[in-house]
Amino acid sequence: EAQVTQNPRYLITVTGKKLTVTCSQNMNHEYMSWYRQDPGLGLRQIYYSMNVEVTDKGDVPEGYKVSRKEKRNFPLILESPSPNQTSLYFCASRRAGVSGEQYFGPGTRLTVT
Amino acid sequence: QQQVKQSPQSLIVQKGGISIINCAYENTAFDYFPWYQQFPGKGPALLIAIRPDVSEKKEGRFTISFNKSAKQFSLHIMDSQPGDSATYFCAASIGGANNLFFGTGTRLTVIP
């Protein structure tokens with residue numbers, strides 16, 4: 001089954017404790033992205049990657065890091081989480097090309113206390 | 001600054017009625033306008049999309065109407081069903097670019 005998987009699905013952590021949210025896709029897509037979803041704000045892009053070792057900032061990159069060492073994986077790293085990073089996070093992927101549909105993972109709900 | 005403005009925030013429709021969600025944008029470089037549907041606990045999923053070279057696109061009960069001069073587009077759900085109850089997001093991008101700009105979402109409830 002074609003899918004985007006994220007782990008963990010739920011995470012409660014404390015301020016300053018480094019964490020990583022993993023994302024993996026099995027569709028051989030070139031493009032991968034991370035979004036955060038907040039009430040009243042919709043989804044906002046954090047980082048994206050056009051291929052292995054190629055990443056760039058989205059609209060809200062502050063406080064986040066990413067890496068793309070393999071085509072299928074695109075982890076999101078919070079080196080020092082803060083309460084304002086409490087949010088619902090989605091990973092997405094799509095094939096290269098003008099009309100590529102984005103496929104979203106199931107989401108990771110992060111709470112930083 | 002919200003690149004894509006969406007309204008209403010919430011919508012309640014009787015079963016069999018028409019649901020209408022509206023979006024507006026400013027950036028005339030946008031050339032791809034998808035609508036995503038999200039059920040609770042799930043990620044958004046593409047519902048229907050349109051490019052600005054057409055004024056309307058229909059897929060089953062779902063229709064996008066696009067008004068290029070007004071920089072507005074809308075989603076119409078005909079014969080709305082309780083199973084359509086979800087949050088709907090409009091979005092826009094340039095050249096199918098990797099960055100989709102999303103609206104703030106509309107929570108649709110269809111009452112049996």
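Residues numbered from 1 in each chain as written. Chains lettered and ligands numbered in written order. Predicted model: local features only at pLDDT ≥ 70, side-chain atom pairs only at ≥ 80, totals over all residues. Heavy atoms only, no water.

**Brief notes about the sheet that holds strand β3 (residues 19-25) of chain B**
All names here are of chain B. For clarity, the threshold we go by: Pairing between two strands is assigned when DSSP locates at least 2 bridges connecting them. Starting at the N terminus, helices and strands are each numbered in turn, a helix being any DSSP run of H or I of at least four residues and a strand any DSSP run of E of at least two. An axis is simply a line fitted to the C-alpha atoms; with a helix, the fit covers only the stretch in contact. Between two such axes, the angle follows the N-to-C directions and lies from 0 to 180 degrees.
Taken in spatial order, the five strands of this open sheet run β1-β3-β8-β7-β6, and their pairing is antiparallel. Unpaired on one side and paired on the other, β1 (4-7) and β6 (56-59) mark the two borders of the sheet. The sheet shows a mean angle of 15 degrees between the axes of neighbouring strands, direction not considered. Pairing of strand β7 (residues 62-67) with strand β8 (residues 72-77), which is carried by six bridges, proceeds in the antiparallel orientation. Within β8, the position partnered with Phe62 by the bridge is Ile77.

**Quick notes on a nonpolar patch on the surface**
All names here are of chain B. To keep things clear, this is the line we draw: Patches in this entry comprise residues that are over 30% relatively accessible and not in a salt bridge; like charges within 9 Å are linked, as are nonpolar side chains (Val, Leu, Ile, Met, Phe, Trp, Tyr) within 5 Å. Shrake-Rupley sampling with a 1.4 Å probe provides the accessible areas, and residues are treated as covered by the protein chains on show and by no other component. When a carboxyl oxygen of Asp or Glu is within 4 Å of a side-chain nitrogen of Lys or Arg, the pair counts as a salt bridge. Buried residues are those whose accessible area, probed at 1.4 Å on protein chains only, stays under 20% of the maximum for their type, while exposed residues exceed 50% and partly exposed ones sit between those limits.
Nonpolar side chains collect at one region of the surface, where Ile18, Ile20 and Met78 lie side by side and expose about 240 Å² of accessible area between them. Relative to the helices and strands, Ile20 is located in strand β3. Relative accessible area serves as the criterion here: at 36%, Ile20 is assigned to the partly exposed category.

**Here we look at the pattern of salt bridges**
Residues and elements named next belong to chain A. Going through the model one piece at a time under the given rule, you end up with seven salt bridges over all chains. With a closest N to O distance of 3.7 Å, Lys71 and Glu30 form a salt bridge. With a gap of 41 residues between them, Lys71 in the loop between β7 (65-66) and β8 (76-78) and Glu30 in the loop between β3 (19-25) and β4 (31-38) connect regions that are remote in the sequence. Residue Glu30 is classed as partly exposed on the basis of its relative accessible area of 21%.

**Examining the state of the cysteines**
Stated precisely, the cut-off is as follows: Disulfide assignment relies on a single distance test, namely cysteine sulfur atoms paired within 2.5 Å.
Following the criterion strictly, the structure yields two disulfides over all chains and no others. Linked covalently through their sulfurs, Cys23(A) and Cys91(A) form a disulfide whose S-S length is 1.8 Å. Classification of the bridge connecting Cys23(A) and Cys91(A) rests on its S-S torsion, roughly -70 degrees, and on that basis the disulfide is left-handed. One end of the pair, Cys23(A), is in strand β3; the other, Cys91(A), is in strand β9 (residues 87-94), and 68 residues separate them in sequence. A sulfur-sulfur separation of 1.9 Å characterises the disulfide bridge that pairs Cys23(B) with Cys90(B). Around the S-S axis, the bridge from Cys23(B) to Cys90(B) shows a dihedral of about -95 degrees and counts as left-handed. Taken together, the residues span a long stretch of sequence, with Cys23(B) in strand β3 and Cys90(B) in strand β9 (residues 86-92) at a distance of 67 residues. Across this residue pair, the class does not change: Cys23(B) and Cys90(B) are buried.

**Considerations on the sheet that holds β8(A)**
Residue and element names in this part refer to chain A. Strands sit in the order β1-β3-β8-β7 across an open sheet of four strands; the sheet is antiparallel. With partners counted over all chains shown, the strands left at the sheet margins are β1 (4-7) and β7, one partner each. With four bridges joining them, β1 and β3 adopt antiparallel strand pairing. From the neighbouring strand, Gln6 faces β3, where its bridge partner is Cys23.

**Examining the nonpolar core**
Here is the rule: Residues grouped as a nonpolar core are buried Ala, Val, Leu, Ile, Met, Phe, Trp, Tyr and Cys residues, joined through side-chain atoms within 4.5 Å. It only takes one pair of heavy atoms within 4.5 Å for two residues to be counted as in contact.
In terms of nonpolar packing, the biggest core is built from 25 residues, with Val4(B), Phe33(B), Trp35(B), Phe73(B), Leu75(B) and Tyr88(B) touching the most fellow members. Looking at this core, the element that brings in the most residues is β9(B), giving four residues. Apart from the residues lying within four places of it in its own chain, the contact partners of Phe33(B) are Tyr25(B), Ile48(B), Ala49(B), Ile50(B), Pro52(B), Ile64(B), Phe66(B), Phe73(B), Ala91(B) and Ala92(B). If you look at the next biggest cluster of nonpolar residues, it comprises 19 residues, including Val21(A), Met32(A), Leu78(A) and Tyr89(A).

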